[in-house]
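The primary structure of each chain is shown beneath.
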Amino acid sequence: MSKKVLIVFAHPERNSLNGQFLDEIIDQLKTQGDKFKLSDLYGMGWKSEVDINDFPDYPKDKVFQPSYASKKYHQFTPDVIEEQNKLIWADTVLFVFPLWWYNLPAILKGWFDRVFSSTEYWKNKTVMGKNVSLIVTMGATAAENYDPHDPIKDVDQLLSNIFRTFYSGRMNPWTPLYFFGVAHVTSEDVKAMKAKVRDFIRNIPSSH
Ligand SMILES: Cc1cc2nc3c(=O)[nH]c(=O)nc-3n(C[C@H](O)[C@H](O)[C@H](O)COP(=O)(O)O)c2cc1C
């Protein structure tokens, strides 16, 4: 059965290495006959900061409590509703981004902050049971900066907050694809990386 994949892309330059990976992903999904929707966060001019304007029905005379607002006030802004509708549509969600200061780019963190709401109702409707994974690029080489045996240098540990968020939404993560040492690569290396991206897309698990 064909898949419905939401790609959330967080890179300011469409012609970057990440952008080239995005092209491979889209092309491979089309080849496979899968459907996709794209959230190109920079391209969309995504607002990343949470503020009171995100909750149009929140009383203006009340102290703004983001957590309370997220639980009780569910009139969202059109940009957030559009993302939530994409999540409802998708059976698979794929995040594509470079590692910045051992973390997500701020624009992507802001996507989670604004699109994910803390209510059970919302989680059940939008993300529960959906397959989810990441494609992440890192400038530093594994030898320089990363070590799976050292918690402070293990990429899975560094990104554990995002996996914890998936767990909270009862999503089904599958093994992410990490590229180390992309700061200095040859065109042959890029070709090999693109082939890995295609393999990764070929092997998206089926949804149940
Ligand atoms: C603000 C910023 C922070 C970065 N932090 C890290 C980092 O923590 N670890 C790392 O390996 N590379 C880091 N890098 C390098 C990027 O991961 C690297 O440039 C990117 O993955 C390359 O992909 P691109 O060509 O698509 O931008 C950082 C780059 C920037 C701009």
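The residue count restarts for each chain, going from 1 along the sequence in the order it is written. Totals for whole chains, interfaces and linings use every residue, but because this is a predicted model, local features are given only for residues with pLDDT of at least 70 and side-chain atom pairs only at 80 or more, for both listing and counting.

Undergrad: Got a minute to help me understand the overall build of the protein in this structure?
TA: Looking only at helices and strands, the protein features 9 helices and 6 strands. Both definitions apply: the radius of gyration is a C-alpha atom measure, and the globule rule equals 2.2 Å times residues to the power 0.38. For a compact globule of 208 residues, the expected C-alpha radius of gyration is about 17 Å, and the protein comes in at 18 Å, within 12% of that figure. Overall, the protein is about 60 × 40 × 30 Å in size when its C-alpha atoms are taken along their principal axes. In the protein, of all internal contacts separated by at least 6 residues, the share reaching a separation of at least 24 is 80%. Here a helix means four or more residues in a row that DSSP labels H or I, a strand means two or more in a row labelled E, and each is numbered from the N terminus. Contact criterion: two residues are in contact if their C-beta atoms, reconstructed from the backbone, are within 7 Å.

Undergrad: Is there a simple way to think about the nonpolar core in this case?
TA: The nonpolar side chains of soluble globular proteins are, as a tendency, buried together. Any set of buried Ala, Val, Leu, Ile, Met, Phe, Trp, Tyr and Cys residues joined through C-beta atoms within 7 Å is what this text calls a nonpolar core. Whether a residue is buried, exposed or partly exposed follows from its count of other C-beta atoms within 10 Å of its own C-beta, namely 20 or more, 12 or fewer, or something in between, respectively; the C-beta atoms are built from the backbone. Of all hydrophobic cores here, the largest spans 38 residues; its most connected members are Ile-7, Val-8, Ile-25, Val-96, Leu-108, Ile-135 and Val-197. For this core, the elements supplying multiple residues, two or more each, are β1 (4–9), α1 (17–32), β3 (92–98), α4 (106–115), β4 (131–137), β6 (177–179) and α9 (187–202). Leu-108 has contacts with Val-8, Ala-10, Leu-41, Phe-95 and Phe-97, leaving out every residue within four places of it along the chain.

Undergrad: Any chance you could explain the site of the ligand here in plain terms?
TA: The criterion for a residue being near a molecule or strand is simple: its C-beta atom, placed using the backbone, must lie within 6 Å of it. Near the ligand lie 16 residues; those nearest to it are Ser-16, Pro-98, Thr-137, Gly-139 and Ala-140. Classification used: nonpolar for Ala, Val, Leu, Ile, Met, Phe, Trp, Tyr, Cys and Pro, charged for Asp, Glu, Lys and Arg, polar for all others including Gly. Partitioned by chemical class, the residues of the shell around the ligand number 10 nonpolar, 6 polar and no charged.

Undergrad: Can you walk me through the pairing of strand β2 (residues 35–40) in this structure?
TA: The side chains of a regular strand alternate between the sheet's two faces. Examined bridge by bridge, β1 and β2 share 6 bridges and lie parallel to one another. Across the sheet, Phe-9 pairs through a bridge with Asp-40, a residue of β2. Should DSSP find at least two bridges between two strands, the strands are regarded as paired.

Undergrad: Just to check I follow, could you spell out the environment of Phe-95 for this structure?
TA: Secondary-structure assignment places Phe-95 in strand β3. Each C-alpha atom, one on Phe-95 and one on Ala-10, is 7.8 Å from the other, the two residues being 85 residues apart in sequence. Beyond its immediate chain neighbours, meaning those up to four positions away, Phe-95 contacts Val-8, Leu-108 and Leu-134.

Undergrad: Can you walk me through the packing of α1 against α9 in this structure?
TA: Helix packing for two helices is described by the angle between their axes and how far apart those axes are. Look at α1 against α9: their axes get within 9 Å of each other, and the N-to-C directions meet at 40°. As summarised for this structure, α1 and α9 are arranged oblique, according to the angle between their axes. The way α1 lies across α9 gives a crossing that is right-handed. Contact residues: α1 offers Leu-17, Gln-20, Phe-21, Glu-24, Ile-25, Gln-28 and Leu-29, while α9 offers Val-190, Lys-194, Val-197, Arg-198, Ile-201 and Arg-202. Considered class by class, the residues forming the contact of α1 with α9 number 7 nonpolar, 2 polar and 4 charged. The convention used is that axes are lines fitted to C-alpha atoms, helices contributing only their stretch in contact, and that angles between N-to-C directions extend from 0 to 180 degrees. Roughly parallel covers angles under 35 degrees, roughly antiparallel covers those over 145, roughly perpendicular covers 65 to 115, and oblique covers all other angles. Left-handed describes a crossing whose near helix is turned anticlockwise from the far helix through less than a right angle; right-handed describes the clockwise counterpart.

Undergrad: Please explain the pairing of β3 as it appears in this structure.
TA: Within β3, 6 of the 7 residues are buried, which leaves the element mostly enclosed by the surrounding structure. Inspection of the sheet shows β1 paired to β3 by 5 bridges, in the parallel sense. The residue bridging Leu-6 from the neighbouring strand is Val-93, located in β3. Inspection of the sheet shows β3 paired to β4 by 7 bridges, in the parallel sense.

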